[in-house]
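Each chain is listed here by its residues.
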Amino acid sequence: MSALRDLVRLPVDALEFSNILLTTGDAEIGTSPHDVVWTHRKTTLYRYRSSSRRHAVPVLLVFALINRPQIFDLRPGNSFVEHLLEAGFDVFLLDWGEPDEEDADMGLGEYVCDELEWGIRECSRAAGGTEVTLLGWCIGGTLVAMHAALEPGAPVRNLVLLTTPIDTRGSLYAQWVGRKAFDADRIADAMPALPGTGIDFANKLMKPVTNYWTTYRKLWQQVRRGEAQRSAYQSMAKWVADNPPFPAKAYREWITWMYKENRLFEGTLRLRNRRVDLGRIERPLLVVTAGADHIAPPEGTRPLLELVSSQDVTHLDRPGGHIGLMAGSKARAEVWPEIVEWLQERSAAR
Amino acid sequence: MAEPSALESVEARLAKATEKLVASGPFSEVLAFTAGNLAVIVRKGGGVADSAVRGLRIAGRRDVVAFGRQLARTEDKLERVLQEVEALQDELRAQNRKQSRKKS
């Protein structure tokens, strides 16, 4: 009887499965109400207002140059932004936008010394002249660390770095792009804005079976069991597929300086003729790594703990992958409360 | 915890094997050369298409990008002027506050 029922259900399940895949693009992500505070070229600073603000220091979220920052506000009920607002923080988000060929002149110097620096300034002004907490994720974390090393006098109270590459030795990325055969200059010269789909393909190629097969097999099994979580799957799948282009200058510098020469860790990185010395970071620092992160492995982030001069350093190493750590099913119950608790202790008015 | 099915076991083994493969030197070498070649092919293809469009006296990609760059440069300058204005406003406000405190 069960086998017969399974057989009858098969076409229905196939239709539901294909419907979930076909309508993924219609999923709504990043829906928390927000205002535009400031824009410059493709960068936009958004503000999310807490209806029960209890902490003087707002949180400024900074995401990577690849993928979109909506991962911070994925869907109602599973949004880090929502979680921070409920905890009484005002939240700001710096969105790098969709760079195109005209933005080929945007390099790490422009992102760190202009866009991020000005975004912090505008955030502080909008919040009434207060200090802010900078929270960076992935490349966003690296940009935040670079800025903190260059600008010790900026109005920044705390730093939170999530799955952030610092020392790239031994990583799979370094194995791929660190070799002589990988000519980052040729690629950057040929394409003023590297297509996001190419970067996404490389990311997925790190775990080809998991990304190109297992994800769909699991969804199919969930549909067969009648347990498919449509909105959870679609919001994440939509976010994963949304890849903005990488400006050529930033790409060239990121690959060469971070992966071929490991300059940030070695202390030889210079932006706008100023050395980026991580030892100049003195602010309270929370570093979160993910045990199963294959994009920014924990061993590539941990050296930061020894390099900074901060007296107040906390390191959380939690199970999960590069994105799953903060956006997975357990993040809301496990990782977010720990981050919020750390922030609450360091966000009082002075 | 349910036992993995035969398919899942095969899948897990295949996943491990492919991850080992993509982390190998030869694969990285192939990937590196492929990426470089692909970038050049895309540039050349784009260049040919753009020349054809421009030949028809229609603004091509190059013209649009040049225009975009000019706009971006103008916005850079405007941003710096705005920052100067805001700094002056802050200074003026601080001076006014000081003066009103002195008067009272």
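Read on for a plain summary of the structure. (Residues numbered from 1 in each chain as written. Chains lettered and ligands numbered in written order. Predicted model: local features only at pLDDT ≥ 70, side-chain atom pairs only at ≥ 80, totals over all residues. Heavy atoms only, no water.)

## Considering the pattern of salt bridges
No. 1: Going through the model one piece at a time under the given rule, you end up with 44 salt bridges over all chains.
No. 2: Residue D100 of chain A pairs with R61 of chain B through a salt bridge whose shortest N-O separation is 2.7 Å. Of the two residues, D100 of chain A is situated in the loop between β4 (91–95) and α3 (108–126) and R61 of chain B in helix α3 (residues 61–103); the pairing between them involves two chains.
No. 3: Residue class for D100 of chain A comes out partly exposed when judged on its relative accessible area of 28%.
No. 4: A residue is classified by how much of its surface remains accessible, and R61 of chain B, at 37% relative accessible area, is partly exposed. (Salt bridge = Lys/Arg side-chain N within 4 Å of Asp/Glu carboxyl O. Helix = DSSP H or I, 4+ residues; strand = E, 2+ residues; numbered from the N terminus. Buried < 20%, exposed > 50% of the residue type's maximum accessible area, 1.4 Å probe, protein only.)

## Considering the environment of R61 of chain B
No. 1: The sequence separation of R61 of chain B and S51 of chain B amounts to ten residues, and the corresponding C-alpha distance is 9.2 Å.
No. 2: Sequence-distant contacts of R61 of chain B, defined by excluding residues within four places in its chain, comprise D100 and E101 of chain A together with D50 of chain B. (Contact = heavy atoms within 4.5 Å.)

## A short note on the environment of E334 of chain A
No. 1: Structurally, the position occupied by E334 of chain A is in the loop between α14 (324–327) and α15 (335–344).
No. 2: For the pair formed by E334 of chain A and R318 of chain A, sequence separation is 16 residues and the distance between their alpha carbons is 9.0 Å.

## Let's talk about unusual backbone geometry
Residue and element names in this part refer to chain A.
No. 1: If you check the backbone angles, N67 has positive phi at about 65 degrees while not being a glycine.
No. 2: Structurally, N67 can be placed in the loop between β3 (59–62) and α2 (80–86).
No. 3: Assessed through its relative accessible area of 12%, N67 is described here as buried.
No. 4: For C138, which is not glycine, the phi torsion reads 60 degrees and is therefore positive.
No. 5: Mapping C138 onto the fold places it in the loop between β5 (132–137) and α4 (139–150).

## Here we look at the environment of E117 of chain A
Residues and elements named next belong to chain A.
No. 1: Following the sequence through the fold, E117 ends up in helix α3.
No. 2: The partly exposed category is assigned to E117, whose relative accessible area is 24%.
No. 3: Setting aside chain neighbours within four positions, we find E117 in contact with V112, H147 and E151.
No. 4: Polar side-chain contacts of E117 include one of 2.7 Å to the side chain of H147. (Polar contact = N/O pair within 3.5 Å; in protein donor to acceptor, adjacent residues only side chain to side chain.)

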